[in-house]
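# Coordinate analysis (summary)
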Amino acid sequence: MAQIYGFVSDPQNWHFGILTGLAWLLASGVAIGLFARLKAKLQQQKLRLDTALENMSQGLCMHNADGRIIMFNERYCKMTGRSAASLKDRHLLDVFKERKVLGDFVGDPEIYFADLISKIRAGKSNSFIWHGAADRTYHVVDEPMRDGGWVSTVEDISDWREAQKKIEHMARHDSLTNLPNRRHFSEQLELALQRLSRKQQIAVLCIDLDHFKDVNDTLGHPVGDEVLKEVSDRLSMCVRKSDTVARLGGDEFVILLAGENLQPTDVSAMASRIVEIVGMPYEIDEQKIIIGASIGISMAPQDGKEADQLLQNADMALYRAKSDGRGTCRYFEPGMDASAQARRILTLDLRAALLREEFEVYYQPIYDLKTNKITSFEALVRWNHPIRGMMPPAAFIPLAEETGLIVPLGEWVLRKACQDAAQWSEAVDLAVNLSPAQFKNRDLVSSIIEAVTTAALSPRRLEVEITESVLIQDHEAALSALHQLRNFGVRISMDDFGTGYSSLSNLRSFPFDKVKIDQSFVQEMELQDDSMAIVRAITALGKSLGITTTAEGVETSEQLNLLRLEGCAQVQGYLFSRPQPASVVEELLLHNQVSEQRELKAG
Ligand code: C2E
Ligand code: CA
Ligand code: CA
């Protein structure tokens, strides 16, 4: 049975006199019976007390008014790591001193004891957290008793503390990467800003991964998660121990650098290192994955003294880095603020414009050089903005691509153009531009089929123009969409050929029906030999692969003559006509014949 260490007096002693008296007085068996019952009752009570004390989850120790230990339970011994013999009947101050010698007592035992006694005498309780052996933490409460002594209870709170710590950690860290989260980062930034002095500088680096969405979309979220973990490891490797790397969500990371005489050159060096290291290939599930990092930087105090402002400015610089071609870093500049604001307004306008149908499709004729007749029209969208007037696509297509609004806009252009083309002569085809962003939409093929079918246009009369970047992004998915379109009867053109990634293998990767030579070569053809060489190479390649070649941006008759000589099949440009509203198309078709004299006038 469990043991209680204490001095419960033997009931036999204090009842002895009375019992003797009774025995003598009554000398009867009744008195003996009474004594036996009383003794049994006391023993039962002691047993209950013992059981209760030993089954307590707390350690318990009682002291008399002087501070001498009068009783304690076994759990108390275990928790304090002391034997019963070393506690029994000891004065608490002696125990403290002994612990001090063993290195198990912080502070001065005499002072501590005096303080404790004075509290107890004042009828006040005392409580403290005690870090015991084996990493355990205890909550000790000393509670005064009526006789001037006190009882100490010791509770093991290690598990509770551990759980508490875990909860606190979770609230301030990202569960995937274990990096500090936004809240933790903001706290660190606030702290750093409070310490900001003339010498001390702060840099906030907002990092966004390039092409991460493609990894997630094509290889799945588990692979995406692995990439994010690896990125966090690499980022942590790039910084000093005193810097903070946090994950704000998705593929957004942020770094806080703070230090004396932190120079923009140091920050730039670190940013370049990050771009390089994050850009190194990842090997996950035996797949080689390549992503990049774009970085926006703001510095305190010059770019702001408030946490929110610094983050916002770094974010604006990040946006600039992304639009300047990714894989780069940019510092915040005051003008960025205004341009970001303008972008926000334009995005809102664009959304509203879709609902209000403020767009219009213009058509530019493409001529066949053998027949000198219009062979097709290219659909070119315009935005009839209520305040800014007619806006060219360059002013809103990039934003529409970025915000995903290109999908509904592209669908609208396609439906409208198919309806218009259905009114033209059967001999004239329609060309529609498809942006790379539209290929990310799984419904692209079905929406094209629907537009063509609804307009009752023969699919053979539709031609879609894509650029090389469509093939770069998600090669397999793009090729599959192109094949589906081709099987439906739609023709595919390679637009702006010669710019961008420009690789002949792109021309071979799909049986294109047409290749459009970019206008930059056409316009420089007469002036620059290499442009002429490119035009010549593309037309020759077109001929050998059986692909029609169309020269864009033809502005002069000299250019036209050269293109004829090279054997280019089709031409398009201001020399013949600018893009025109649908209503003018009829008129153009009426005079569907091009002669060298008229061409110049038309320009
Ligand atoms: P693009 O597909 O290369 O279209 C040809 C652009 O060159 C048109 O500009 C056209 O007006 C212009 N152009 C034609 N002939 C000449 C010329 O002789 N000289 C010069 N300097 N320019 C000429 P636009 O209409 O401003 O369109 C610009 C770009 O916007 C297009 O380039 C195309 O990439 C994009 N775009 C236009 N409409 C759409 C659309 O509906 N959907 C998508 N995704 N993109 C579109
Ligand atoms: Ca085009
Ligand atoms: Ca083009």
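In the block above lies the structure referred to throughout.
Keep in mind that what you see is a predicted model, and the values were worked out from it rather than measured. (Residues numbered from 1 in each chain as written. Chains lettered and ligands numbered in written order. Predicted model: local features only at pLDDT ≥ 70, side-chain atom pairs only at ≥ 80, totals over all residues. Heavy atoms only, no water.)

Of the protein atoms, only D495 (OD), D496 (OD), E552 (OE) and E552 (OE) coordinate the calcium ion (ligand 3), at distances of 2.1 to 2.5 Å. One chain supplies every donor for the calcium ion (ligand 3), spaced along it as D-D-x55-E. The calcium ion (ligand 2) is placed at 3.8 Å from the calcium ion (ligand 3), the two being bridged by D495. Look at D496 and you get partly exposed, because its relative accessible area is 24%. (Donors = N, O, S within 2.8 Å, 3.2 Å for Na, K, Ca; no water. Buried < 20%, exposed > 50% of the residue type's maximum accessible area, 1.4 Å probe, protein only.)

Bringing the sheet that holds strand β9 (residues 252-260) into the picture now. Whether parallel or antiparallel, the strands of a sheet pair through hydrogen bonds between backbone atoms. Read across the open sheet, the five strands follow the order β8-β9-β7-β12-β13; overall the sheet is mixed. Each edge of the open sheet carries a strand with a single partner, namely β8 (244-249) and β13 (329-331). For this sheet, the mean angle separating the axes of adjacent strands, direction not counted, is 20 degrees. Pairing analysis gives five bridges linking β8 to β9, with the strands arranged antiparallel. By the bridge assignment, G249 is partnered in β9 with E252. Here helix α7 (residues 182-194) sits on the sheet in contact with β7 (200-210), β8, β9 and β12 (292-300), set at roughly 20 degrees to β9. Seen against the sheet, helix α9 (residues 221-238) touches β7, β8 and β9 and runs at an angle of roughly 10 degrees to β9. (Pairing = 2+ DSSP bridges. Helix = DSSP H or I, 4+ residues; strand = E, 2+ residues; numbered from the N terminus. Axes fitted to C-alpha atoms, helices over the stretch in contact; angles between N-to-C directions. Contact = heavy atoms within 4.5 Å.)

Each neighbour pair has its own omega, and for A300 with P301 the value is 10 degrees, a cis peptide bond. Inspection of the secondary structure assignment puts P301 in the loop between β12 and α11 (307-323). Even without being glycine, N372 reaches a positive phi, approximately 60 degrees. Looking at where N372 falls in the secondary structure, it is placed in the loop between β14 (359-368) and β15 (373-385).

A word on the coordination of the calcium ion (ligand 2). Around the calcium ion (ligand 2), the protein contributes the donor atoms E378 (OE), N433 (OD1), E465 (OE) and D495 (OD), at 2.1 to 2.3 Å from the metal centre. Donor residues binding the calcium ion (ligand 2) come from one chain and are separated in sequence as E-x54-N-x31-E-x29-D. On the accessibility criterion, N433 (28% relative accessible area) is partly exposed.

For the rest of this paragraph, the subject is the side chain of H184. Relative to the helices and strands, H184 is located in helix α7. When sequence neighbours within four positions are dropped, the list of residues in contact with H184 reads R172 and H173.

Another aspect to go through is the environment of K213. Summarising the element assignment, K213 is placed in helix α8 (residues 212-219). Along the sequence, K213 and S520 sit 307 residues apart, while their C-alpha atoms lie 32 Å from each other.

The next thing to look at is helix α22 (residues 582-590). Buried within α22 we find V585, L588 and L589. Viewed along the axis of α22, the buried residues span an arc of 95 degrees, placing them on a single side of the element. Summarising the geometry of α22, the exposed residues directed more than 90 degrees from the buried face are S583 and L590. Looking at the buried side of α22, the elements it contacts are β14, β15 and β23 (580-581). (Arc of directions from axis to C-beta.)

A few words on the pairing of strand β4 (residues 126-131). Both β4 and strand β5 (residues 137-144) contribute to a ladder of six bridges, which runs antiparallel. What sits directly across from I129, in β5, is H139. Two successive antiparallel strands, β4 and β5, enclose a turn made up of five residues, where A134 displays a positive phi of approximately 55 degrees.

The subject of this paragraph is the site of ligand 1. In the region of ligand 1, 22 residues are neighbours, and Q364, R382, Q519, E555 and Y574 sit closest. One of the backbone N or O atoms of V381 is found 3.1 Å from a nitrogen atom in ligand 1. At 3.1 Å from an oxygen atom of ligand 1 is found a side-chain nitrogen or oxygen belonging to D495. Listed by contribution, the elements that provide at least two residues to the shell around ligand 1 are β15, β19 (491-497) and α19 (519-524). Broken down by element, the residue count for the shell around ligand 1 peaks at four residues, all from β15. Split into classes, the residues belonging to the shell around ligand 1 amount to eight nonpolar, eight polar and six charged. (Near = heavy atom within 4 Å. Polar contact = N/O pair within 3.5 Å; in protein donor to acceptor, adjacent residues only side chain to side chain. Nonpolar A, V, L, I, M, F, W, Y, C, P; charged D, E, K, R; others polar.)

Before going further, it helps to examine the pattern of salt bridges. Counting across every chain of the model gives 27 salt bridges. Ionic pairing is found between R247 and D174, a salt bridge with its closest N-O pair at 3.0 Å. Taken together, the positions of R247 in strand β8 and D174 in the loop between α6 (158-172) and α7 put the pair 73 residues apart, joining distant regions of the chain. Of the two residues examined, R247 and D174, each falls in the buried class. Between K516 and E378 there is a salt bridge, with its nearest N and O atoms 2.9 Å apart. Placement of K516 in strand β20 (residues 514-517) and of E378 in strand β15 is noted, with a sequence separation of 138 residues between them. By the burial criterion, K516 is buried, and E378 matches it. A single salt-bridge network, built from bridges that share partners, covers E378, E465, K516 and E552. (Salt bridge = Lys/Arg side-chain N within 4 Å of Asp/Glu carboxyl O.)

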